[in-house]
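Structure assessment
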Amino acid sequence: AILFIAGRFVLPRMFGQAARTKSPELFLAASLLIVIVASLATSAAGLSPIVGALLAGLLIAETEYHSEVEVMTAPFKGLALGVFLITVGMQLDLRLVAANWQMLLLAIMGVMLVKATVTTALVRIAGARMGTAAETGVMMASPSETTLIVLGAAGAAGLILPSTAAFWTTVTAIGLTITPLLAKAGSLIARRIEFVSGELPPEADVDAEGPGTVIIGFGRVGRTVADMLKVHDKKFIAVEADIDTVNEGRRAGYPVIFGDVVRPELVDRLNLGRADALILTMDEPVLTVRLTRRVRGWVPNLPIIARARDWNHAAELYRAGATDAVPETLESSLQLSEAVLVDLGVAVGPVIASIHEKRDGMRKAIKDAAEMDREPRLRRTRADDADPSDA
């Protein structure tokens, strides 16, 4: 109580004085001093120093300087957490684990079951979907680092026996190690629940009369393209290999189907012969070139617009048959140039005209380079195919 009352009145003034000096070192020193004083205070009261550090963090978080403190202490966060977890690991008695592994297993399963059930119920009551609630519950099922702090404080105060504290410390430590597995399991369980319960919108069907524009890759680039097609009332369908991205897109109302374009049967299913255009936004250069070459050989007149990493990748896409290849480096440099010219006071109209002119010139240069590289390859291919007797 004294810490909380003093923190309300003392900490803002203390941090205010440190902020006026504009010295990062003094600000950091003030933060560490608060933690040390709080730890000494809880130790004098018969509690664990960790409890004091926790209270100091809560008090600092209530001040208007918490963001600056967070930035200043960020370099120490990983180191401090590592030291804390290593200390916990050093306290484990492997002989105790081997002798009581059955009880430890039951305790871990019991804690996880209770936490998962309570968390899922609370998230569900808050209005979340069942899949989201289940994923959150499973992810939060393992014990937390705060449990170790509570066990240490209870053991120091004599509220629980040392053997009991050691047992549950072991349970908590083992539970922390399986948190990544719980995150993966929660994601799989959520997908299963959403598919079975029908919480997700039904998968989009490829129109037999033509899918419109086909977008392969529905990440940040593909979604932006889809938004622009929506603005202009253009029909489209998207394909994505990441199921979480598919689910998110379908919840937002986008016609997205799950599939990997590496499989030929998926490309055949897209009915590209009746499509208006094919847009490739994947961040996989080799796959993009391979798919462009394959589709161009199958549908010679289909407009293929592909995302390219750089100038060389764009030239390779043009050689593979792309109608347009858009290098990321080119577009980012043009947008940067446009922003600079506008900020320097140049009229928007001439800036946009010069940007378009520069883009067209660079695109023509890429196409010319691709064509010049293609001609020697054709001559080599014809020479290899020629009959030796003709010589």
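The structure this text deals with has already been given above.
Cut-offs and rules
Residues numbered from 1 in each chain as written. Predicted model: local features only at pLDDT ≥ 70, side-chain atom pairs only at ≥ 80, totals over all residues. Heavy atoms only, no water. Patch = residues over 30% accessible without salt bridge, like charges linked within 9 Å, V, L, I, M, F, W, Y side chains within 5 Å. Areas by Shrake-Rupley, 256 points an atom, 1.4 Å probe, with all protein chains shown as cover. Salt bridge = Lys/Arg side-chain N within 4 Å of Asp/Glu carboxyl O. Buried < 20%, exposed > 50% of the residue type's maximum accessible area, 1.4 Å probe, protein only. Core = buried A, V, L, I, M, F, W, Y, C linked by side-chain atoms within 4.5 Å. Helix = DSSP H or I, 4+ residues; strand = E, 2+ residues; numbered from the N terminus. Contact = heavy atoms within 4.5 Å. Axes fitted to C-alpha atoms, helices over the stretch in contact; angles between N-to-C directions. Parallel < 35°, antiparallel > 145°, perpendicular 65-115°, else oblique. Left-handed = near helix turned anticlockwise from the far one by under 90°. Nonpolar A, V, L, I, M, F, W, Y, C, P; charged D, E, K, R; others polar.

What follows covers a nonpolar patch on the surface. Taken together, the side chains of V114, V118, L122 and I125 make up a nonpolar region of the molecular surface, amounting to roughly 410 Å² of accessible area. For V114, a relative accessible area of 53% translates into the label exposed.

Our next topic: the nonpolar core. Of all hydrophobic cores here, the largest spans 32 residues; its most connected members are V214, I216, V261, L272, L278, L280 and L291. Within the residue set of this core, elements represented by two or more residues are strand 1 (213-216), strand 2 (236-240), helix 13 (264-269), strand 4 (277-280), helix 14 (285-298), strand 5 (304-308), helix 15 (311-320) and helix 17 (348-385). With five residues, the single largest contributor to this core is helix 15. The residues contacting I216, other than those within four sequence positions of it, are V239, V261, L270, L278, I279, L280, T281, M282 and L291. Counting residues in hydrophobic clusters, the runner-up holds 14 residues, among them L11, F27, A56 and V69.

Helices that pack against each other are described as a pair by the angle of their axes relative to one another and the distance between those axes. Running from N to C, helix 2 (residues 24-44) and helix 3 (residues 49-61) cross one another at 135°; their axes reach a closest spacing of 7 Å. It follows that helix 2 is oblique to helix 3 by the angle criterion. Crossing angle aside, the handedness with which helix 2 passes helix 3 is right-handed. Residues S31, I34, V35, A38, S39, T42 and S43 of helix 2 lie in contact with helix 3, whose contacting residues are P49, V51, G52, A53, L55, A56 and I60. Tallied by class, residues from the contact of helix 2 with helix 3 come to nine nonpolar, five polar and no charged.

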